[in-house]
Amino acid sequence: MPATTARFTLLVLYTDRMEECRTFYSALGIGFTRERHGDGPEHYAAVLPDGQVFELYPATSERRTGAVRLGIGVDGAACEPPLKPGRHVVTDPDGRVIEVYAM
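Residues numbered from 1 in each chain as written. Predicted model: local features only at pLDDT ≥ 70, side-chain atom pairs only at ≥ 80, totals over all residues. Heavy atoms only, no water.

Chemist: Explain the overall build of the protein here, please?
Modeler: Counting secondary structure elements, the protein contains one helix and seven strands. For the protein, the N- to C-terminal ordering of α and β elements is β-α-β-β-β-β-β-β. Relative to the compact-globule value of 13 Å for 103 residues, the protein shows a C-alpha radius of gyration of 14 Å, a close match. Its C-alpha atoms put the protein at 40 × 35 × 25 Å along the principal axes. Scored against the burial criterion, the 103 residues of the protein give a buried share of 29%. Of the contacts formed within the protein by residues at least 6 apart in sequence, a portion of 58% connects residues at least 24 apart. Surface exposure of the protein reaches about 6900 Å², of which carbon and sulfur atoms provide 55%. Separation of charge centres in the protein, based on 11 positive and 14 negative side chains, amounts to 5 Å. (Helix = DSSP H or I, 4+ residues; strand = E, 2+ residues; numbered from the N terminus. Rg over C-alpha atoms; globule rule 2.2 N^0.38 Å. Buried < 20%, exposed > 50% of the residue type's maximum accessible area, 1.4 Å probe, protein only. Contact = heavy atoms within 4.5 Å. Areas by Shrake-Rupley, 256 points an atom, 1.4 Å probe, with all protein chains shown as cover. Lys, Arg positive; Asp, Glu negative; His and termini not counted. Charge placed at Lys NZ, Arg CZ, Asp CG, Glu CD.)

In structure tokens form, the structure reads like this:
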């Protein structure tokens, strides 16, 4: 596969379980801020160390929650509860499979 310079800059997950998802991802060491832009919905946003933005938005009839598989690298010691180094497969409150790589 050829090398690429492309990278993701934004990931938005839509959810019916905002607080549960915020708690779940916060336990992996992701710090969220509550935001609202103009008349848009209140949501949570986190800026990751490499500048990528990860947001949790409320699901609507037009933007429903759906199946996504994610891989996240984390500082295992910063997780709650702490994770031993290695690969852990967990499920978020919406049923998405998350591969957590604890360092």
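Let us keep going from here.
Chemist: Sorry, what's going on with the sheet that holds strand 2 (residues 33-35) here?
Modeler: Strand-to-strand pairing in sheets goes through backbone hydrogen bonds, with the strands running parallel or antiparallel. With mixed pairing, four strands are arranged side by side in an open sheet as 1-4-3-2. Every other strand in the sheet has two partners, leaving strand 1 (10-15) and strand 2 as the edge strands with one partner each. Between one strand axis and the next, the sheet turns by 25 degrees as a mean value, whatever way the strands run. As paired strands, strand 3 (residues 43-47) and strand 4 (residues 53-58) are joined by four bridges and run antiparallel to one another. Its bridge partner being in strand 4, A45 is matched across the sheet by E55. Running over the sheet, helix 1 (residues 18-26) touches strand 1, strand 2, strand 3 and strand 4 and is turned about 155 degrees from strand 4. (Pairing = 2+ DSSP bridges. Axes fitted to C-alpha atoms, helices over the stretch in contact; angles between N-to-C directions.)

Chemist: Is there a simple way to think about the packing of aromatic side chains in this case?
Modeler: Between two aromatic rings, the relevant description is the distance of the centres plus the angle of the planes. Within this structure, the stated rule accounts for five aromatic pairs. Arranged with centres 6.4 Å apart and planes meeting at 70 degrees, the rings of F32 and Y44 form a pair that is edge-to-face. Residue F32 is found in the loop between helix 1 and strand 2, and its partner Y44 is found in strand 3; the two are separated by 12 residues along the sequence. As far as the burial class goes, F32 and Y44 line up, both buried. An angle of 50 degrees between the planes, with centres 5.7 Å apart, marks the rings of F32 and F54 as tilted. (Phe/Tyr/Trp six-rings, centres within 6.5 Å; stacked < 30°, edge-to-face > 60°.)

Chemist: What is the right way to read the environment of G66 from this model?
Modeler: Of note, G66 is situated in the loop between strand 4 and strand 5 (70-74). For G66 and D94, which are 28 residues apart along the polypeptide, the C-alpha to C-alpha distance reads 8.2 Å.

Chemist: Where do I start with unusual backbone geometry in this structure?
Modeler: Excluding glycine, most residues fall at negative phi; most peptide bonds, likewise, are trans. Here the residue pair E80 and P81 is connected by a cis peptide bond, since its omega of 0 degrees sits within 30 degrees of zero. Within the secondary structure, P81 is located in the loop between strand 5 and strand 6 (86-91).

Chemist: Explanation requested: the nonpolar core in the structure shown.
Modeler: A general trend in soluble globular proteins is that nonpolar side chains are found buried together. Counting residues in each nonpolar core, the largest one holds 19 residues, and the members touching the most others are Y25, L28, F32, F54, L56, V74 and I98. Breaking this core down by element, the ones donating at least two residues are helix 1, strand 3, strand 4, strand 5 and strand 7 (97-102). With near-sequence residues (within four places) excluded, F54 lies in contact with L11, L13, Y25, I30, F32, Y44, A45, A46 and L48. (Core = buried A, V, L, I, M, F, W, Y, C linked by side-chain atoms within 4.5 Å.)

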